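Each chain is listed here by its residues.
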Amino acid sequence: MTPDDGYFPRGRSALRMVHRERAVGRLYGQRSLLLQATHPPAFAGLNANTRGYSAPFRRLVHTAKTMEVVFFGPRADADRETARVRDLHGRVRGAIAEPAGRWPAGSTYAADDPDLLLWILACLADSAETSNERLVHPLTPRQREGFWRDYLLVGELFGLPRTDAPATHAEYRAYMGERLASDLHVMPEAREIARQVAFELPLPATRRWALPAINLLVVGLLPPRVRALYGLRWSPAHDAAFSGLAAGIRTTRPLLPRAAVRGSTGPEYELVARVEADRLRRERPAA
């Protein structure tokens, strides 16, 4: 392997295989942000990191582009990007102003805290794996181990020592199960962001016809408890519609051109960012 191969070489990386799926790339970021925000210190750190959530999709797009550099780019580019993020994390410190579940007012956070880094990493991995399982195909046991092993390397690149993360895929799944059953809490600001992220993806007029299906997929991919924490309505009819749509995506995938189902979703990220920026400019009060 040469430096230009990147950290996750084509044909040898389970992580690259999963994240090259457009169905994963289009949805895992929204799901991950919704998961991450159920941990108040993590949400506060993300909020401080991005100077507010007036433009939540700008943050999603920026994160997605960063991750694509790490997943698919040459190692020199990945090293540059992760060094920038580590430096930023080292400067994000603060405290929660209001009580949030089991976290009292004044609870401190630091973006480079290994516990928070692990939660963010695991939410990304869980969102990608879940999207792949429901919309593409489940991973084999060997692929699952390789997928989590690759994510451990991602964690290291962003400053999370392997000693602070689950060593195996089974341990990572157990960690996620324990966290999702723990004292998660959704702050009022996070609930408002969830409404935007789950239902208001900025799309140009020519693509808005797809928004109901995208919304259904984002909410349907969430764990039931997380949907309940956000107050997102989910009925048997929603579940049946989601299952039918997911099955249709899986079934039609092999029939579509390779370029339609695999590759970078970077141009789509850029389109979302432009539409959101245009919307915010129109909504800004005149001087």
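Residues numbered from 1 in each chain as written. Predicted model: local features only at pLDDT ≥ 70, side-chain atom pairs only at ≥ 80, totals over all residues. Heavy atoms only, no water.

Chemist: Hey, could you run me through the overall build of the protein in this one?
Modeler: A count of helical and extended segments in the protein gives 14 helices and two strands. In summary, the protein has a C-alpha radius of gyration of 19 Å against a globular reference of 19 Å for 287 residues, a match within 12%. Overall, the C-alpha framework of the protein stretches about 50 × 45 × 40 Å when taken along its three principal axes. Put simply, the protein has 287 residues, and 51% of those count as buried. Surface exposure of the protein reaches about 13,800 Å², of which carbon and sulfur atoms provide 56%. Side chains of the protein give 41 positive and 31 negative charges; the mean places of these two sets differ by 6 Å. (Helix = DSSP H or I, 4+ residues; strand = E, 2+ residues; numbered from the N terminus. Rg over C-alpha atoms; globule rule 2.2 N^0.38 Å. Buried < 20%, exposed > 50% of the residue type's maximum accessible area, 1.4 Å probe, protein only. Areas by Shrake-Rupley, 256 points an atom, 1.4 Å probe, with all protein chains shown as cover. Lys, Arg positive; Asp, Glu negative; His and termini not counted. Charge placed at Lys NZ, Arg CZ, Asp CG, Glu CD.)

Chemist: What is the right way to look at the packing of aromatic side chains in this model?
Modeler: In this description, an aromatic ring pair is defined by two values, namely the gap between the centres and the angle between the planes. Counting across every chain of the model gives six aromatic pairs. For the pair F71 and F72, a centre-to-centre distance of 6.1 Å together with 65° between the ring planes defines the contact as edge-to-face. F72 matches F71 in its accessibility class, with the two residues each being buried. Note on F71 and Y151: the rings are 6.3 Å apart at their centroids and 65° apart in plane angle, and the pair reads as edge-to-face. A residue pair is termed long-range when its members are at least 10 positions apart, and F71 in helix α4 (residues 56–72) and Y151 in helix α7 (residues 141–157) qualify at 80 residues. (Phe/Tyr/Trp six-rings, centres within 6.5 Å; stacked < 30°, edge-to-face > 60°.)

Chemist: Explain the side chain of E68 to me, please; I cannot follow it from the model alone.
Modeler: By the secondary structure assignment, E68 is in helix α4. With no salt bridge to any partner, buried E68 finds its closest opposite charge in R20, at an N-O distance of 5.9 Å. Other than its neighbours up to four places away in sequence, E68 contacts G73, S264, T265, G266 and Y269. (Salt bridge = Lys/Arg side-chain N within 4 Å of Asp/Glu carboxyl O. Contact = heavy atoms within 4.5 Å.)

Chemist: So what exactly am I meant to see when it comes to the pattern of salt bridges here?
Modeler: For side chains bearing opposite charge, pairing can occur when the charged atoms are close. Applying the stated criterion across every chain, the model contains 13 salt bridges. Here E268 ties to R26 by a salt bridge, and the two come within 2.9 Å at their closest N and O atoms. Residue E268 is found in helix α14 (residues 266–283), and its partner R26 is found in helix α2 (residues 22–36); the two are separated by 242 residues along the sequence. The class for E268 is partly exposed, based on a relative accessible area of 24%. R80 is the salt-bridge partner of D77, the closest N and O atoms lying 2.3 Å from each other. Of the two residues, D77 and R80 are both situated in helix α5 (residues 75–91); the distance of three residues between them amounts to about one turn of the helix. The class for R80 is exposed, based on a relative accessible area of 55%. By sharing partners, the salt bridges in this structure join R31, D126, E129 and R173 into a single network.

Chemist: Sorry if this is basic, but what is going on with α2 here?
Modeler: Over its 15 residues, α2 runs 22 Å from end to end, which matches the ideal 21 Å to within 8%, given 1.5 Å per residue. At Y28, α2 shows its largest kink, close to 35°. Counting buried residues in α2 gives 13 out of 15 residues, a clear majority hidden from the surface. (Expected span 1.5 Å × (residues − 1). Bend = angle between axes of the 7 residues up to and from the residue.)

Chemist: What's the story with the environment of R173 in this structure? I'm lost.
Modeler: Among the secondary structure elements, R173 is positioned in helix α8 (residues 169–180). Owing to a relative accessible area of 30%, R173 belongs among the partly exposed residues under this scheme. Not counting the four nearest positions on each side in its chain, R173 is found in contact with D126 and E129. Within the structure, the side chain of R173 is placed 2.8 Å from the side chain of D126, a separation counted as a polar contact. (Polar contact = N/O pair within 3.5 Å; in protein donor to acceptor, adjacent residues only side chain to side chain.)

Chemist: Before we go on, may I ask you to explain the nonpolar core in this structure?
Modeler: Across soluble globular proteins, nonpolar side chains show a tendency to be buried alongside one another. Among the nonpolar cores identified, the biggest contains 85 residues, and Y28, F71, F147, Y151, V154, M176 and Y230 are the most heavily contacted of them. Each residue touching Y28, except ones within four places of it in the same chain, is listed here: H19, M67, F71, L124, S127, A128, S131 and Y269. (Core = buried A, V, L, I, M, F, W, Y, C linked by side-chain atoms within 4.5 Å.)

Chemist: Would you take a moment to explain the confidence of the model for the protein for this structure?
Modeler: Reading fine detail from the predicted coordinates is not recommended where pLDDT is low. On average, residues of the protein score 91 in pLDDT, and 95% of them reach the 70 mark or higher. Across the protein, the secondary-structure element scoring lowest on mean pLDDT is helix α3 (residues 40–50), at 76, and the one scoring highest is α7, at 98. (pLDDT = per-residue confidence, 0-100.)

Chemist: When you look at helix α9 (residues 188–199) in this model, what are you seeing that I'm missing?
Modeler: The terminal C-alpha atoms of α9 lie 17 Å apart, and with twelve residues this matches the ideal 16 Å at 1.5 Å per residue to within 8%. Three or more residues of α9 are buried, namely A190, I193, A194, Q196, V197 and A198.

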